[in-house]
Amino acid sequence: MARDTDAVIRRLAQSVEPVRPLPNPWIRTAAWLAVSVPYVVLVVFVMSPRPDLVAKASNGRFAIEQVAALTTGFTAALAAFASVVPGYDRRLVAVPLVPLAVWFGTLGQGCIQDWIRVGANGLVLRPDWLCLPAIVVVGAVPAVAIALMLRRGAPLTPRITAALGGLAAAGLGNFGLRLFHMQDASAMVLAWQFGAVCVLSAVAGVAGRYVFDWRSLGNGRGAAI
Amino acid sequence: MMNGDRSPNRRLANLMRAAQAGDTDSYARLFEELTPRLRRIIRRHRQSRGIDETEDLVQDVLLSVHAVRATYDPERPFMPWLLAIVRNRLVDSVRRYARHAAHEVTVEDLAVTFSDESANIHTEVHGDPDALLAAIQTLPSGQRNAIEMLKLREMSLKDAAAASGTSVGALKVATHRAMNALRKASNKF
């Protein structure tokens, strides 16, 4: 068998072609944002920005929720890109939990304030079937872009990588959604928007082992992004 | 080349950097330096496994390193990058082993769920791994390599083609012929 290993080494060495090393996760995240953000902006303008957007932007809670959603998307993308680089600090994978917790906490605080202000009526959930498909539409290009970019890495933790990629795209998608969708009741946002982001991330995580797999890797040729 | 690099980590990093640029000799030297280290690491972690399985794992790691060599950042240390791949492939091999072990238990249980006669026929046809391995050894080298890489080591067609230096199409033909030969041979077991 050692002779076989020598033969494998010879064949690999003979077939080696130049590759461009992948840029570090920060640069890859910036590249992903450069592709994704213009698309999200385009969708927001096609769908027409909400008429009260300027007033909402100066509303503290709305601003915190939007910054938290955007930061969740950004840090999830950074963690996803780090997770496909062997030897990279694994603790980065937990970083998106911080803005995610801030986002969840702000929505939870909003629910409590609504309950104090108007009682149980402030927590009523009505069907809002636009949220999930809208997040999917706004997050579609970011999702495809990050999936293609992540497939250039090493599939060390396929489910975690895919869940983080899904969280990045869905977080960015939800950020865009709230710029054109007039839905501000905290309970509704928590259930239909934050819930949709969590569901999409979980679905991506389940699909991860089919998308990121050692067997699907080529021999590492081609330009890297 | 790179004789002045005394630190093994630095030397390996330089060899990999040259390999990323397409330097065949550096790539071969890198793998030659890595192979004994990989054998030591794998034997330490999988003491109960035989020499063949150790070599299979060494080759698996080398192929994985080859597939993801673009993820190595020449500015970062080489060994943590390599060890992360080794750990991942070791964990995968443990999972594969567990799956195969679970499969073997299922075969043993066949007599409980089917009549003895059916279970015995099933065992007679497929249940002699030694005879199967012997039959594989009698195959022409091209077909034997194809079976070993694609069926036993579960490599992808692309990886196997890269490792064997043949085309994907040729591998498919070799595998098809090998399977036919093994099917015929299995009737004689």
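This section reports on the structure supplied with the text. (Residues numbered from 1 in each chain as written. Chains lettered and ligands numbered in written order. Predicted model: local features only at pLDDT ≥ 70, side-chain atom pairs only at ≥ 80, totals over all residues. Heavy atoms only, no water.)

**Observations regarding the interface of chain B and chain A**
Taken together, the contacts link 46 residues of chain B with 34 residues of chain A. Together chain B and chain A conceal approximately 3400 Å² of surface at their shared face, both sides included; 63% is due to carbon and sulfur atoms. When the buried surface of chain B facing chain A is broken down by residue, R69, A70 and T71 of chain B rank first, second and third, together holding 15% of it. Linking chain B with chain A are 0 salt bridges. Run the count over chain B and chain A and you get 7 residue pairs in polar contact (both at pLDDT 80 or more). (Contact = heavy atoms within 4.5 Å. Buried area = accessible area lost by both parts, 1.4 Å probe. Salt bridge = Lys/Arg side-chain N within 4 Å of Asp/Glu carboxyl O. Polar contact = N/O pair within 3.5 Å; in protein donor to acceptor, adjacent residues only side chain to side chain.)

**As for unusual backbone geometry**
Residues and elements named next belong to chain A. One non-glycine residue, S48, lies in positive phi territory at about 75 degrees. Inspection of the secondary structure assignment puts S48 in the loop between α2 (25–47) and α3 (53–57). By relative accessible area, which is 42% here, S48 ends up partly exposed. (Helix = DSSP H or I, 4+ residues; strand = E, 2+ residues; numbered from the N terminus. Buried < 20%, exposed > 50% of the residue type's maximum accessible area, 1.4 Å probe, protein only.)

**Considerations on the side chain of D60 of chain B**
Locating D60 of chain B in the fold gives a position in helix α3 (residues 51–67). Not counting residues within four places of it along the chain, the set of residues in contact with D60 of chain B comprises R89 and R96 of chain B.

**Re the environment of I41 of chain B**
Residues and elements named next belong to chain B. With respect to the helices and strands, the residue I41 is situated in helix α2 (residues 24–45). Separated by 42 residues in the primary sequence, I41 and L83 place their C-alpha atoms 9.2 Å from one another. Excluding residues within four positions of it along the chain, I41 makes contact with L83 and V86.

**A closer look at helix α7 (residues 129–137) of chain B**
Residues and elements named next belong to chain B. Regarding α7, the residues found buried are A131, A135 and I136. Considered in projection along α7, the buried side chains sweep an arc of 140 degrees and stay on one side of the axis. Opposite the packed face of α7, turned more than 90 degrees from it, sit the exposed residues P129 and D130. Those residues of α7 hidden inside the fold are in contact with α8 (141–152) and α10 (168–186). (Arc of directions from axis to C-beta.)

**Topic: the nonpolar core**
What tends to happen in soluble globular proteins is that the nonpolar side chains get buried as a cluster. By size, the foremost hydrophobic cluster in this structure holds 47 residues, and its most contacted members are F78, W81 and L82 of chain B. Listing elements by their share of this core, those giving two or more residues are α1 (2–15) of chain A together with α1 (8–20), α2, α3, α4 (78–108), α8, α9 (157–164) and α10 of chain B. It is α2 of chain B that provides the largest number of residues to this core, a total of 8 residues. Beyond its immediate stretch of four places on either side in the chain, W81 of chain B contacts P86 and G87 of chain A together with M16, V65, V68, R69, T71 and Y72 of chain B. V40, W103, I135 and A162 of chain A belong to the second-largest nonpolar core, a separate cluster that totals 39 residues. (Core = buried A, V, L, I, M, F, W, Y, C linked by side-chain atoms within 4.5 Å.)

**Comments concerning the pattern of salt bridges**
Side chains that carry opposite charge are capable of pairing whenever their charged atoms lie near each other. All names here are of chain B. According to the stated counting rule, one finds 10 salt bridges over all chains in the structure shown. Note that R39 is salt-bridged to E55, the shortest N-O span being 2.4 Å. Pair noted here: R39 is in helix α2 and E55 is in helix α3, with a separation of 16 residues, a long-range link. Relative accessible area serves as the criterion here: at 2%, E55 is assigned to the buried category. In the salt-bridge network here, residues are joined through shared partners; they are D60, R89, D92 and R95.

Bear in mind that shape data such as this cannot, by itself, settle questions of function.
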